[in-house]
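# Architecture at a glance
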Amino acid sequence: MLIAGFPAGAWGTNCYLVAPAAGEECVIIDPGHQAAEGVEEALRKHRLKPVAVILTHGHIDHVASVVPVCGAHDVPAWIHPEDRYMMSDPEKGIGRTIGMPLMGELTVGEPDDVRTLSDGARLELAGLDFGVAHAPGHTKGSVTFRMPETADVPSVFFSGDLLFAGSIGRTDLPGGSMDDMLESLARVCLPLDDSTVVLSGHGSQTTIGQERATNPYLRQVAAGQGPSTEAPRRGM
């Protein structure tokens, strides 16, 4: 399996291209602010043909390049319905005006083909299998994508802004909820095997085992406690 990832834009949001191998079809995850050029570079480098864009949530740092990327390759975008409005109205998702200089670089709106993600769905795209889990807390429509373990590759978990190396996504923006976040961490993350590779929306790669042992939020959820550390401010 090939996973090509890079941080993009003002918020350093991780965009991923996932394919069975170089020279094959691929899925693009979270083409955010200023990600379009990096997507095209990765497509050329690995000779990939995109078949879909899938989105962990609707914040502008994760969806700002959806329109140009989908338009350039005539592919659909998949998003949870509770976050769909943010593609056309990004300020509502963050509770403030982004600002004219930054907004001038964005293509706000929806691509021609938008499809709906739901909890428990399985997406079979580009010869790959993605399990979808609704994981509210950072936003109401946040989801994660998990690829099953194979003989050669451990399970891969695209956590969006649910779980980071050493932290979790912020819950203080519109639609955020610490109670929902803790429930999502318990329901979605804790049952995963320790060997599961976590590729998050921001920051470095980690594993569920590493986070189970060291992440203060995940440790407190595992112990059945609320967070005793300061509320996180990471992510959009």
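Below is a summary of the structure that appears in this document.

### Topic: unusual backbone geometry
Glycine aside, a negative phi is what most residues show, and trans is what most peptide bonds show. Phi angles above zero are rare outside glycine, and Asp-74 is one such case at about 55°. Position of Asp-74 relative to the elements: it lies in the loop between helix 3 (66-73) and strand 5 (77-79). Residue classification places Asp-74 among the exposed positions, given a relative accessible area of 70%. Unlike most non-glycine residues, Ala-126 shows phi in positive territory, near 55°. In this fold, Ala-126 is placed in the loop between strand 7 (122-125) and strand 8 (128-134).

### Structural notes on the environment of Ser-184
Secondary-structure assignment places Ser-184 in helix 7 (residues 178-189). Relative accessible area serves as the criterion here: at 0%, Ser-184 is assigned to the buried category. Taking the C-alpha atoms as reference points, Ser-184 and Val-143, separated by 41 residues in sequence, lie 9.7 Å from one another. Leave out the neighbours within four places in its chain, and Ser-184 touches Ala-135, Pro-136, Leu-162 and Cys-189.

### Describing the packing of helix 1 (residues 36-46) against helix 3
Two numbers describe how helix 1 lies on helix 3: the axes approach to 9 Å, and their chain directions differ by 35°. From helix 1, Ala-36, Val-39, Glu-40 and Leu-43 reach across to helix 3, where they touch Val-69, Ala-72 and His-73. The residue inventory of the contact of helix 1 with helix 3, partitioned by class, reads five nonpolar, one polar and one charged.

### Notes on the nonpolar core
Counting residues in hydrophobic clusters, the biggest one holds 27 residues, and the most contacted among them are Leu-17, Ile-28, Val-39, Val-53 and Val-66. At the level of secondary structure, the elements contributing two or more residues to this core comprise strand 1 (2-8), strand 2 (13-19), strand 3 (25-29), helix 1, helix 2 (60-63), helix 3 and strand 5. Looking at this core, the element that brings in the most residues is strand 1, giving four residues. The contacts of Ile-28, once residues within four sequence positions are left out, are Cys-15, Tyr-16, Leu-17, Val-39, Pro-50, Ala-52, Val-53, Ile-54 and Val-69.

### Things to note about the sheet that holds strand 3
Pairing within the open sheet is mixed, and its six strands lie in the order 1-2-3-4-5-6. Two strands bound the open sheet, and with one partner strand each, they are strand 1 and strand 6 (114-116). In this sheet, adjacent strand axes meet at a mean angle of 25° when their direction is disregarded. Pairing geometry for strand 4 (residues 49-54) and strand 5, over two bridges, is parallel. Across the sheet, the residue bridging to Val-53 is Ala-77, located in strand 5. Its contacts with the sheet place helix 3 against strand 3, strand 4 and strand 5, and it is angled at close to 145° to strand 4.

Here is what the cut-offs are and how they apply
Residues numbered from 1 in each chain as written. Predicted model: local features only at pLDDT ≥ 70, side-chain atom pairs only at ≥ 80, totals over all residues. Heavy atoms only, no water. Helix = DSSP H or I, 4+ residues; strand = E, 2+ residues; numbered from the N terminus. Buried < 20%, exposed > 50% of the residue type's maximum accessible area, 1.4 Å probe, protein only. Contact = heavy atoms within 4.5 Å. Axes fitted to C-alpha atoms, helices over the stretch in contact; angles between N-to-C directions. Nonpolar A, V, L, I, M, F, W, Y, C, P; charged D, E, K, R; others polar. Core = buried A, V, L, I, M, F, W, Y, C linked by side-chain atoms within 4.5 Å. Pairing = 2+ DSSP bridges.

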